[in-house]
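# Per-entry structural report
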Amino acid sequence: MQKRHLIRIDGIVQGVGFRPFVYRLAKSHKLTGWVFNSNKGVMVEVEGLPDNLTRFQNRLRQEMPPLAQVTEFSSTEIPLKNDDRFVILQSEYKGDTSVLVSPDMSLCEDCLKEMLLPGNRRFHYPFLNCTNCGPRYTIISGLPYDRANTSMHEFTMCEECEKEYRDPANRRFHAQPNACPKCGPTLQIVDREKRPVKTNDPVKHAKLLLRSGRILAIRGLGGFHLVADAKNTNAIETLRERKRRAEKPFALMAANADVVEKYCKVTHREREALQQQARPIVLLQARSSSKLPKVIAPKSKYYGFMLPYLPVQHLLLLDNFDVLVMTSANYSDEPIVISNEHAFDYLAPLADYFLIHNREILQRCDDSIVTVAAGHQRILRRSRGYVPAPIILENKVKAPILAVGAELKNTVALSNGNKVMLSQHIGDLDNPEAIAFFKDSIKHLQKLLEIKPHYVACDMHPEYLSTKWAHEQELMPKIAVQHHHAHLASVMAENNSARKTIGIILDGTGYGTDKTIWGGEILIGDFRDVSRYAWFEPLPLPGGEAAIREPWRMAISYLRQAYGSSMQKLDLPIMRSTKPNELNLLMQILDKEVNSPKTSSCGRLFDAVSSILDIRNKITYEAQAAIELEMSIKGNLQRNFAYPIDYNLKHGAINFQPLIREIVNDKTQNIANELIAAKFHVSLAEILIAITIRARKDTGIAQVGLSGGVFQNFTLFQYTVERLRSEGFRVLTHSRVPPNDGGISLGQITVANAMLQ
Ligand code: ZN
Ligand code: ZN
Ligand code: FE
């Protein structure tokens, strides 16, 4: 009365302890057969009594290893083979592969306990790991995921490690990066002149250096960090000077969530976000009583906190620092440094000492950034801990498509069947290192999916370096996708909805089909087609790119439109602080329409308001004016904050002159910025909601998608979502890919695919 089943499980099922789990489960149900890894996932054959088979399968589905992510599960009955036991067979790889590599994982509780247990052979050893934790994506060079294809191939396991690795009952069974002090990687401290510092405890020495105010470059999992004591104002000021980073907040690391709570308000969801396996940076509201130096995050209401994910980070924070500054080791937005040699040259002006290791980083991966808004976790930067987990589409993509993303916050993506694999955050493609990283990422994705793309999808912007690269690929047909169509498609794709949707796309810049710069768009469409229902009335951007760095220029542009020549008489701080010759020059540029491309950008409206309120006239990092405008708001937004205004929707262009005039009136009457900023947010949202309601009347579409970089604005996002829901809309929002241009590559794939049908 025996039966035999063939079970196939696909998804992230390799390198996460799946086979020992199956092995133990089969044994406990007195089943015979085997399990092995193949390029189609984990294959299991089990034979035994029907009752036991059923119980086995139920538990298989319910008790999967914590890191497994199953995308397919199938079970079929096959003829008996009468084997006498259950075994784990050698991995088998041939032909097409659908195997997915797991993201890197933070140190698990078991390993942490082991590391802190005196007398243990891995006591204080900073490279321990097991099948439930440790490096994955950042150490692989190719498939299959075996030690030989990782940067651990340089280390030969000692006898004891080898024994663990071979024992199906051990939690290090087939843990590819398995290591111990006898056989694995090691740490070392080196000074600026590349001289090794003599010490038998590099971590202890690093702590002493940090405590004395030194800045350390520490080689981690996906790259180097620059690390300083977060209580040492001098050290952080020095770091700012050296890094040429004037005001952008620094990320922080604390030993655990309780410590974070000393400095930030932490909700239950936010605590979960901090403690999740991926260990991202979580943006949290700072407590007013927080005693951390102002210089960490000047003018921000938020701190970016993460918890330790590497053994060395646990050791550094152990009985020592409350909080460490832990920022990417780079200048401004260049890719982070990953190799020791590059670090010695490039980071020498930044760091006093280097805490390095000898396990090569093969894939660069920045820390990910998330926030919790409107009840869900939102990813703002998708990198370490999330990549290369795929986004699963509802339907299969016709042919493999490579999408090369946008210019800023670039990511690339490759599709295979219903899986889209997004690269890690590559960054701004304005420097040679980033371009090299971009090209490497494209190659690497092809290696991981073992697939060559048939098409390449790119942005319509002819000057984007990603677009230029796409056009150099002579063998692949190109599909150009409008930037904001890609934003809309991206939010639809991650919500698995192909239905016609109203898209509220609030963005900085994107190239429009009319060759002007778009950025505040209400679109209606699906993956295939999109039409522009309404847009911010285009205004000149005086000086082009310079106006993005200098928000006061955009303020003048908006004021000139709202008041004409009488604007010069306005009693506003900006009119007093702008030098007469600068103002005249700008007015001439505007009058003669020289170097003043028109834009419907939403980001520029935020810039203008920020400058009119005298919050920020020139920026030192992207979106600073808009961020500080949002930060000036205290308390919650109220619907009755909305100005009584008519946005005057003529042929689709939304006129913001009445809104600007209300803001100017308030400002000249010395109303507090915190209130004007709140009223601006509410009014903008209410205008967009009113137009969306009108669009629903016109079309019958009741589904709205929110996307674009401006939706990183927590206040605006939360308010808009709640109000749209109260008006009866189904609201699609981003949670798995960023609302900013980091999500563009996913949108490009789905639009290109629809165009191919
Ligand atoms: Zn572990
Ligand atoms: Zn060993
Ligand atoms: Fe964008």
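I will try to describe carefully the structure that is included in this document. The structure presented is a predicted model; accordingly, all values stated were derived computationally and were not measured.

Attention now goes to helix H23 (residues 744–756). Compared with the 18 Å implied by 1.5 Å per residue over 13 residues, the 18 Å span of H23 between its first and last C-alpha is a close match. Most of H23 is tucked away: 11 of the 13 residues are buried. Along H23, the residues classified as buried are Ile744, Ser745, Leu746, Gly747, Gln748, Ile749, Thr750, Val751, Ala752, Asn753 and Ala754.

Here we take up the nonpolar core. Grouped together as the largest cluster of nonpolar side chains are 76 residues, with contacts concentrated most on Ile556, Leu559, Ile654 and Leu684. Among the elements that make up this core, the one with the highest residue count is helix H21 (residues 673–699) (12 residues). Sequence-distant contacts of isoleucine 654, that is, excluding residues within four places in its chain, are made with Ala534, Trp535, Phe536, Glu537, Tyr647, Leu649, Ile687, Leu688 and Ile691. Counting 53 residues, the second-largest nonpolar core is a separate cluster that includes Ala26, Val46, Phe86 and Ala434.

Turning next to the pattern of salt bridges. What the rule picks out here adds up to 46 salt bridges. The salt bridge partner of glutamate 628 is arginine 616, with a shortest N-O separation of 3.0 Å. One end of the pair, glutamate 628, is in helix H19 (residues 624–631); the other, arginine 616, is in the loop between helix H18 (602–612) and H19, with 12 residues separating them in the sequence. Of the two residues, glutamate 628 and arginine 616, neither departs from the other in class, the shared state being buried. What emerges from the salt-bridge pattern is a single network uniting Glu114, Arg121, Arg122, Glu160, Glu164, Arg171, Arg172 and Lys182.

What follows concerns the coordination of the zinc ion (ligand 1). The protein atoms that coordinate the zinc ion (ligand 1) are Cys108 (SG), Cys111 (SG), Cys130 (SG) and Cys133 (SG), at distances of 2.2 to 2.3 Å. For the zinc ion (ligand 1), the 4 donor atoms are set out with angles of 105 to 117° between them, so the coordination reads as tetrahedral.

Take the sheet that holds strand E11 (residues 302–306) next. Read across the sheet, 10 strands follow the order E6-E13-E7-E8-E12-E9-E11-E10-E14-E15 without closing on themselves; strand pairing throughout is mixed. In this open sheet, the two edge strands, each paired with only one partner strand, are strand E6 (187–191) and strand E15 (376–381). Each strand axis lies, on average, 35° off the axis of its neighbour in the sheet, ignoring direction. In the sheet, strand E14 (residues 369–373) pairs with E15 via 5 bridges, with the strands oriented antiparallel. Within E15, the residue paired with valine 370 across the bridge is isoleucine 379. Contacting strand E10 (281–285), E11, E14 and E15, helix H8 (residues 268–275) crosses the sheet at an angle of about 155° to E10. Each of E11, E14 and E15 is contacted by helix H22 (residues 714–726), which is oriented at about 40° to E14, the strand it contacts most.

Bringing the packing of helix H11 (residues 432–449) against helix H12 (residues 465–472) into the picture now. Taken N-terminus to C-terminus, the directions of H11 and H12 make an angle of 50°; their axes are 11 Å apart at the nearest point. By the angle between their directions, the pair H11 and H12 is classed as oblique. For the pair H11 and H12, the crossing hand works out as right-handed. On H12, the residues that touch Ile435, Phe438, Lys439 and Ile442 of H11 are Leu465, Ser466 and Trp469. Split into classes, the residues belonging to the contact of H11 with H12 amount to 5 nonpolar, 1 polar and 1 charged.

Below, the discussion takes up the side chain of arginine 4. Relative to the elements of secondary structure, arginine 4 occurs in strand E1 (residues 3–12). Separated by 2.9 Å, the side chains of arginine 4 and glutamate 45 make a polar contact. A distance of 3.0 Å separates a polar atom in the side chain of arginine 4 from a polar atom in the side chain of aspartate 83.

Rules of the game
Residues numbered from 1 in each chain as written. Chains lettered and ligands numbered in written order. Predicted model: local features only at pLDDT ≥ 70, side-chain atom pairs only at ≥ 80, totals over all residues. Heavy atoms only, no water. Helix = DSSP H or I, 4+ residues; strand = E, 2+ residues; numbered from the N terminus. Expected span 1.5 Å × (residues − 1). Buried < 20%, exposed > 50% of the residue type's maximum accessible area, 1.4 Å probe, protein only. Core = buried A, V, L, I, M, F, W, Y, C linked by side-chain atoms within 4.5 Å. Contact = heavy atoms within 4.5 Å. Salt bridge = Lys/Arg side-chain N within 4 Å of Asp/Glu carboxyl O. Donors = N, O, S within 2.8 Å, 3.2 Å for Na, K, Ca; no water. Tetrahedral: all angles 85-135°; square planar, octahedral: opposite > 155°, others 65-115°. Pairing = 2+ DSSP bridges. Axes fitted to C-alpha atoms, helices over the stretch in contact; angles between N-to-C directions. Parallel < 35°, antiparallel > 145°, perpendicular 65-115°, else oblique. Left-handed = near helix turned anticlockwise from the far one by under 90°. Nonpolar A, V, L, I, M, F, W, Y, C, P; charged D, E, K, R; others polar. Polar contact = N/O pair within 3.5 Å; in protein donor to acceptor, adjacent residues only side chain to side chain.

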